[in-house]
Amino acid sequence: LKSLSHKECSQEYSDLFNDLIGKTKEELNDNSNINCIKAGKSQQKVYVCSQYVYKAQPLFVTRRIDSSEYENDIKVDSFTMNVIMQSIMKSIGDQFQGLDSINIEHPLDFCTRENHLIMIYEKTNFGDFQKFLTDEADNYNFTDYTNIIVDILKKIFEVNDKLYDACQFQHCDMKCMQILLNKDNNDN
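Residues numbered from 1 in each chain as written. Predicted model: local features only at pLDDT ≥ 70, side-chain atom pairs only at ≥ 80, totals over all residues. Heavy atoms only, no water.

Enquirer: An account of the packing of aromatic side chains is needed here, citing residue identities and associated values.
Expert: Counted under the stated rule, the structure contains 4 aromatic pairs. When the ring of Y13 is compared with that of Y52, the centres are 5.1 Å apart and the planes differ by 80°; the resulting orientation is edge-to-face. Residue Y13 is located in the segment before α1 (25–30), and its partner Y52 is located in strand β3 (residues 52–58); the two are separated by 39 residues in the primary sequence. The exposure classification of Y13 matches that of Y52, with both residues buried. Their ring planes at 55° and their centres at 6.3 Å tell us that Y52 and Y54 sit as a pair that is tilted. The buried category is assigned to Y52, whose relative accessible area is 7%. Residue classification places Y54 among the buried residues on the basis of a relative accessible area of 0%. An aromatic cluster is built from Y13, Y52 and Y54, whose rings are joined through pairwise contacts. (Phe/Tyr/Trp six-rings, centres within 6.5 Å; stacked < 30°, edge-to-face > 60°. Helix = DSSP H or I, 4+ residues; strand = E, 2+ residues; numbered from the N terminus. Buried < 20%, exposed > 50% of the residue type's maximum accessible area, 1.4 Å probe, protein only.)

Structure below.
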């Protein structure tokens, strides 16, 4: 955490310089200078803006790192675990052979602003899979519609297997929007 928290956020992430972090949904709606919505239900502050998604957590939160009954294990709090996992995902997105980084959610950058560690993500086709499931069923015959869904599920399993091979981690709260990040060349 200390190594990640020494880098100030770049002006490239202009949303962060409008006092974004800490704003409520209502405050964002009332501020015409900020084109972002507040998302997420966890204690982590998530803001979906026009170009990037920002996930922020306080730098000065009480962190828990305890020894475990197992020799090579430690117990950590959820904030620390999230930072560890997102650091791993960034490394995998940047370097891992055999995984196309557009298929996995990973931070583009880490920086600090307003006493928060900010993880910056590419904004993806937010909600397209959900829209496909609810809005497109009538536009396909049953066989084509189910074949598309089966192809999507196969891709999820393929990417998930590669991620497990890379870091022996299984996301315990996986949602379609965390894996189905982009459309393919056929606009599926």
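Enquirer: Quick one: what's the story with the state of the cysteines, residue by residue and with numbers?
Expert: If you walk through the whole model with that rule in mind, you get 2 disulfides. What pairs with C9 in a disulfide is C111, and their sulfur atoms sit 1.9 Å apart. Note on the C9 and C111 pair: the S-S dihedral is about 85°, so by sign convention the disulfide is right-handed. Here the residue C9 occupies a position in the segment before α1, and C111 occupies one in strand β6 (residues 109–113), the gap between them amounting to 102 residues. Residue class for C9 comes out buried when judged on its relative accessible area of 9%. Here C36 connects covalently by a disulfide to C49, the sulfurs 2.0 Å from one another. Residues C36 and C49 are joined by a disulfide whose S-S torsion is about 110°; by sign, that bridge is right-handed. Pair noted here: C36 is in strand β1 (residues 36–39) and C49 is in strand β2 (residues 45–49), with a separation of 13 residues, a long-range link. Like C36, the residue C49 is buried in the burial classification. By sequence order of its bonded cysteines, the protein chain has the disulfide arrangement 1-4, 2-3. (Disulfide = S-S within 2.5 Å.)

Enquirer: Help me get a handle on a nonpolar patch on the surface, residues and values and all.
Expert: A contiguous nonpolar surface patch, about 200 Å² in accessible area, is contributed by M81, I84 and I88. Inspection of the secondary structure assignment puts I88 in helix α2 (residues 78–95). We classify I88 as partly exposed; its relative accessible area is 30%. (Patch = residues over 30% accessible without salt bridge, like charges linked within 9 Å, V, L, I, M, F, W, Y side chains within 5 Å. Areas by Shrake-Rupley, 256 points an atom, 1.4 Å probe, with all protein chains shown as cover. Salt bridge = Lys/Arg side-chain N within 4 Å of Asp/Glu carboxyl O.)

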